[in-house]
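Observations on chain architecture
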Amino acid sequence: MKENNEEKNLEVSGVIAKTEQYIKKNKKALTIAGCAVVVVALAIWAYVALVAQPRQVRAAEDMFAAEQWFNEGDFEKALNGNDEFMGFSAIIDEYGCTKSANLAKYYAGICQLNLGNYDEAIDYLKSYKGKDLFTGALAQMLIGDAYAEKGQASDAVKYYEKAVSSSSDNYTVAPVALWKAGMLYLQLGDKQSAAKSFQTIKDNYPESPEWNEVDKYLALAE
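Predicted model, so just to flag it, every value in this text is computed and none were measured. (Residues numbered from 1 in each chain as written. Predicted model: local features only at pLDDT ≥ 70, side-chain atom pairs only at ≥ 80, totals over all residues. Heavy atoms only, no water.)

**Points about the pattern of salt bridges**
Side-chain pairs of opposite charge can arise whenever the charged atoms involved come near each other. Per the counting criterion, the structure on display carries 4 salt bridges. Between Lys180 and Asp145 there is a salt bridge whose closest N-O contact spans 2.9 Å. With Lys180 in helix H9 (residues 174-188) and Asp145 in helix H7 (residues 133-149), this pair connects stretches of sequence that are 35 residues apart. On the basis of relative accessible area, Asp145 is assigned to the buried category, the value being 15%. Lys202 is the partner of Asp215 in a salt bridge, and the nearest nitrogen-oxygen pair spans 2.9 Å. Within this pair, whereas Asp215 is found in helix H11 (residues 214-221), its partner Lys202 is found in helix H10 (residues 191-204), the two being separated by 13 residues in sequence. (Salt bridge = Lys/Arg side-chain N within 4 Å of Asp/Glu carboxyl O. Helix = DSSP H or I, 4+ residues; strand = E, 2+ residues; numbered from the N terminus. Buried < 20%, exposed > 50% of the residue type's maximum accessible area, 1.4 Å probe, protein only.)

This is the structure we're talking about:
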């Protein structure tokens, strides 16, 4: 046991000695590397503290007026702003990858949809990164609405189905998207898919307003 301990002590002493030699030999390089790490860390801190955070705060402040116009139904002003306050489109351009700019894409898409600019609405809504179950699914459904307004029924039902698949537990979005998909499937003459959409409403969403009318449209799809 004593011999083993002595051997281990010799090994540790050897490692320490080699480490000391390495540090002495490469002291300059290690010092430069250490300084580089500190500089990078300081640069990251400075960017977050002096650039990213203030930009996010300013973006949130600029969003306030645009959201007010949006809630009032003034979609033109909400989108484009006025001489005093930015609209959603300018917020997107000005604030890049901030959370506010991302949310502005969602609002801008709805504004464009209400203004009848369907291609622009699709572009904004597709670029929106919705992480919550409600707005993410709703954005997909609104893309479907834009395609439906353009007369592109096949593209529309694809996005209605996406909205349903991403929000099956959402009793606000899913039954509406299923209803819109079912109605478009009827227009396309695809009664089987229409029946499937309406039956899903009947089976899974009895508390939705769409449930009250679903039997009539199920009969049309059979």
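**Quick notes on the packing of H10 against H11**
Where H10 contacts H11, the axes come no closer than 9 Å and their chain directions differ by 155°. Taken together, H10 and H11 sit at an angle that is classed as roughly antiparallel. With respect to the hand of their crossing, H10 and H11 are arranged in left-handed fashion. Here Lys191, Ala194, Ala195, Phe198, Gln199, Ile201 and Lys202 of H10 come into contact with H11, specifically with Val214, Asp215, Tyr217, Leu218, Leu220 and Ala221. (Axes fitted to C-alpha atoms, helices over the stretch in contact; angles between N-to-C directions. Parallel < 35°, antiparallel > 145°, perpendicular 65-115°, else oblique. Left-handed = near helix turned anticlockwise from the far one by under 90°. Contact = heavy atoms within 4.5 Å.)

**Quick word on the environment of Ser127**
By the secondary structure assignment, Ser127 is in helix H6 (residues 118-127). Once the C-alpha coordinates of Ser127 and Gly109 are considered, the two residues, 18 residues apart in sequence, prove to be 9.4 Å apart. In contact with Ser127, other than residues within four places in its own chain, are Asn102 and Lys105. There is a polar contact of 2.8 Å between the side chain of Ser127 and the backbone oxygen of Tyr124. (Polar contact = N/O pair within 3.5 Å; in protein donor to acceptor, adjacent residues only side chain to side chain.)

**A word on the packing of aromatic side chains**
For any pair of aromatic rings, the description rests on two quantities: the centre-to-centre distance and the angle between the ring planes. Applying the stated criterion across every chain, the model contains 11 aromatic pairs. With 6.4 Å between their ring centres and 70° between their planes, Trp69 and Phe85 make a pair best called edge-to-face. Residue Trp69 is found in helix H2 (residues 27-71), and its partner Phe85 is found in the loop between helix H3 (75-80) and helix H4 (88-95); the two are separated by 16 residues along the sequence. Relative to Tyr217, the ring of Trp179 has its centre 5.0 Å away and its plane inclined at 80°; by these criteria the two rings are edge-to-face. (Phe/Tyr/Trp six-rings, centres within 6.5 Å; stacked < 30°, edge-to-face > 60°.)

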